[in-house]
Amino acid sequence: MNNKKVGILTIGLCLVLIVASFSGCVTEEEEPEPGEMVLIFGSSGDAKRLDPGDVTDGESIQRMDNIFESLVEYKPSSTEIQPCLATSWDMSEDGLNITFNLRHDVKFHDGTDFNADSVVFSFARQYNSSHPYHDYGEWAYWGYMFSDIDRVEKIDNYTIKIFLERTNAAIMTSLAMFTVCMVSPANAEQWGEDAFKHPSGTGPFKFVEWIKDDHITLEANDDYWRESPKLDKLIFRVIEDPSARLMALQTNEIQGMEYPDPTSFDAIEADSDLQLLTAPGMNVGYLAINCGYGYNDSNENGVRDPDEPWVKTLAYSEPLANKKVRQAINYAIDKNSIVDNLYKGTAVVAKNGMPPFMLGYNDDVEDYSYDPDMARTLLTEAGYPNGFTSTLWVMPVSRPYMFDPPKIGEAIQSYLAAVNITVDIYQIDWATYLEKTEAGEHPMCLLGWTGDNGDPDNFMNVLYAENACSIGTAGNVAFYNNSRVQEVLSAALQTYDTTERANYYEEAQMLLHENASHVYLAHSNQNVVFRSNVKGYVLHPTSRKFFYPVTIE
């Protein structure tokens, strides 16, 4: 029998999470009113920031996807774009500028109008270093994906034009990403550098409160320009342990959860009160090996300019800077065993840094086999016959591309020990983990990526290009720099010929494989679980979580 009512929540703000109850602590604002439809979603970690232009982590994004909107959006279940805050657009024949016609009668949650000024503000604060709000963010994604945008200009109150420095084959799909969601200028002015704690967008849900490491509460936007949401409140509750999340779901203390333990799938499917939703993931989980050199992006343009020299990262390590050592690490790790025993059949082994179904995937690359003897031989050739000592940073949260990082870290530690590489495991909170890996403070780290727009550029240029080795905002946390890789990735982005693009990406993958900056572990499925009476949730290829169409019967 399906439970029809949301569980009554404990009243009062608590300072300590009571693990035994798994429901955490709540405030009076979370107490459902009679007849209210409230969905509580169990998340594996907390958000880092609530500013769409200044995050790279999925926990922040899943909250903000329900608060903010872009000029265009993805259709459900695909990365095909459709109108959102822009009703139509026109690209020039040379592909260097795009004119957008904006939707009228849309308001931000603070009551101010959405118009051309707010669009220019939302973009310019990220790319214009002299903008009064530029210093309030790092804008890492701008450098990853949007550095080809030269400027955004207002034509009239409801028309804007984006000017590109060069053609960009991925620009329209990229414009549906969270990074370029519209933010309220008035809200930014009110809160200044703390605006990320008080988000104001145009989306279906409005921000109510954020109790750090416990929950974020949103409520329905009754003035939404589309039909009002069916949910009255949407609460993201932090429950780090997957078993605790599942127990809270089974007792109806939460109504949905992410990253279920694959060992619990049989029990979930046998429970008529629960439903398991599964779809292929557009992701990759990897071990990044710090190759030792990054650059300081002094003008914040997302490109390594000639006057920005390569400098050693804080975690520079002589052994890891050696290609043969990195190749040895690849040979030392049994990826098939990790996928079979730790991913529990919910993933496939990865041999390249992007999913196999994407344009330009190079299936001719021959993956590193599990060969400890070859690893030892390469270590000897590199000058380390007795091995060496290093540190592996391990994520403290489950991610779409890596369900159980601590266990995977322990497995890798064991495999490397077998070839005389002694590895200490290091963990730190998620927000700090992201900051420090982007700054190059790790010798090796577990991380991964979920595609944002369905284009191979979103993997290749973000994760493996030398332009993405900027210290402090690095997407390429292996800090592997290769001018030829950058050359072909830039060329791939600037042509609309799909065959030519594919050839460039294939070459880049072969070079990356040879230089072994990463151990590509797996491409995993995405899985979420809901109570059976939760209807309307659609899994998206990007793993973004949109709750606007969801209802509870």
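See the structure shown above.
Being a predicted model, the structure only gives us computed values, none of them experimental.

Glancing now at the environment of Val348. For Val348, the location among the structural elements is in strand β16 (residues 347-349). Apart from the residues lying within four places of it in its own chain, the contact partners of Val348 are Val339, Leu521, Ala522 and His523.

Moving on to the environment of Ile471. Mapping Ile471 onto the fold places it in the loop between α13 (457-463) and α14 (483-493). Those residues in contact with Ile471 that lie beyond four places of it in its chain are Gly294, Tyr295, Asn296, Val311, Glu438, Ala439 and Phe479.

Before going further, it helps to spend a moment on the sheet that holds strand β4 (residues 86-91). The strand order across the open sheet built from four strands is β4-β5-β7-β6, with neighbouring strands paired in antiparallel fashion. Here the strands that pair on one side only, and so sit at the sheet edges, are β4 and β6 (149-156). The sheet shows a mean angle of 20 degrees between the axes of neighbouring strands, direction not considered. Sheet topology note: the β4/strand β5 (residues 97-102) ladder contains five bridges and is antiparallel. Paired with Trp89 across the bridge in β5 is Phe100. Contacts between helix α2 (residues 116-127) and the sheet are confined to β5, β6 and β7 (159-164), with β6 contributing the most and set at about 165 degrees to the helix.

An ideal rise of 1.5 Å per residue puts 26 Å on 18 residues; helix α15 (residues 498-515) measures up with 26 Å between its terminal C-alpha atoms. Within α15, the full set of buried residues consists of Arg501, Ala502, Tyr505, Ala508, Gln509, Leu512, His513 and Asn515. Buried residues in α15, looked at end-on, bunch into an arc of 165 degrees, giving them a common side. Elements that come into contact with the buried residues of α15 comprise α8 (323-332), α13, α14 and β20 (518-524). Once α15 finishes, Ala516 follows within two positions and takes phi at roughly 55 degrees, a positive value.

Let us now look at the sheet that holds strand β10 (residues 233-238). Strand order in the open sheet formed by seven strands is β8-β9-β10-β1-β11-β21-β12, and the pairing between neighbours is mixed. Every interior strand has two partners, whereas the edge strands, β8 (205-211) and β12 (274-279), have only one. Within this sheet the neighbouring strands show an average axis-to-axis angle of 20 degrees, counted without direction. Here six bridges tie β12 to strand β21 (residues 526-531), and the two strands are oriented antiparallel to one another. Each residue of the ladder has a partner; that of Thr278, found in β21, is Asn527. In the packing of helix α6 (residues 242-250) onto the sheet, the strands contacted are β1 (38-43), β11 (256-258), β12 and β21, and the crossing angle to β11 comes to about 165 degrees.

On to a negative patch on the surface, then. Where like charges cluster on the molecular surface, the negative patch consists of Glu138, Asp213, Glu240, Asp241, Asp429 and Glu435. For Asp213, a relative accessible area of 52% corresponds to the exposed category.

Within a pair of aromatic rings, the relevant descriptors are the distance that separates the centres and the angle that separates the planes. Counted under the stated rule, the structure contains 29 aromatic pairs. With 6.2 Å between their ring centres and 70 degrees between their planes, Phe41 and Phe236 make a pair best called edge-to-face. With Phe41 in strand β1 and Phe236 in strand β10, this pair connects stretches of sequence that are 195 residues apart. Comparing Phe41 with Phe236 shows no difference in burial state: the two are buried. Here the aromatic rings of Tyr295 and Trp310 are separated by 5.8 Å at their centres, their planes lie at 90 degrees, and the arrangement is edge-to-face. Here Trp310 lies in the loop between β14 (293-294) and β15 (311-312) and Tyr295 lies in the loop between β14 and β15, a separation of 15 residues in the sequence.

This part is about the nonpolar core. Residues Phe100, Phe123, Leu175 and Ile329 are the most contacted members of the largest nonpolar core, which totals 143 residues. Broken down by element, this core gets its largest block of residues, six residues, from helix α3 (residues 140-146). Here Ile329 is in contact with Leu287, Ile289, Leu320, Leu416, Ile421, Met444 and Val519, once residues within four sequence places are set aside. Counting residues in each nonpolar core, the second largest holds 15 residues, with Ile239, Ala248, Ile268 and Leu276 among its members.

Rules used throughout
Residue numbering note: each chain is counted from 1, following its sequence as written. Local features in this predicted model are restricted to residues of pLDDT 70 or higher, and side-chain atom pairs are both shown and tallied only at a pLDDT of 80 or more, whereas totals for entire chains, interfaces and linings draw on every residue. Side-chain measures here rest on the full set of heavy atoms in the structure, leaving out hydrogens and waters. Going along the chain from the N terminus, every DSSP run of H or I of four or more residues is numbered as a helix, and every run of E of two or more is numbered as a strand. Residue contacts are defined here by distance: any two heavy atoms, one from each residue, within 4.5 Å place the two residues in contact. By the convention used here, strands pair only if DSSP detects at least 2 bridges between them. Fitted lines through C-alpha atoms serve as axes, helices being fitted only where they are in contact, and the angles separating the N-to-C directions of these axes extend from 0 to 180 degrees. Expected helix span is computed as 1.5 Å times (number of residues minus one). The buried label goes to any residue with under 20% of its type's maximum accessible area, the exposed label to any with over 50%, and the partly exposed label to all in between, with areas taken from a 1.4 Å probe on protein chains only. The arc in question is formed by the directions pointing from the helix axis toward the C-beta atoms. Within this analysis, patches are made of residues with over 30% relative accessible area and no salt bridge. Like charges are joined at 9 Å or less; nonpolar side chains (Val, Leu, Ile, Met, Phe, Trp, Tyr) at 5 Å or less. Surface exposure here means Shrake-Rupley accessible area, sampled with a 1.4 Å probe, where a residue is shielded only by the protein chains that are shown. Only one rule defines a salt bridge in this text: a Lys or Arg side-chain nitrogen within 4 Å of an Asp or Glu carboxyl oxygen. Positive charges come from Lys and Arg, negative ones from Asp and Glu, while His and the chain ends are left out of the count. A charged residue contributes its charge at one atom only: NZ of Lys, CZ of Arg, CG of Asp or CD of Glu. Only Phe, Tyr and Trp rings take part, Trp by its six-membered ring, and two of them pair if their centres are within 6.5 Å. Stacked means planes under 30 degrees apart, edge-to-face means over 60, and tilted covers everything else. As used in this record, nonpolar core signifies buried Ala, Val, Leu, Ile, Met, Phe, Trp, Tyr and Cys residues forming a set joined through side-chain atoms within 4.5 Å.

Keep in mind these numbers describe shape, not what the thing actually does.
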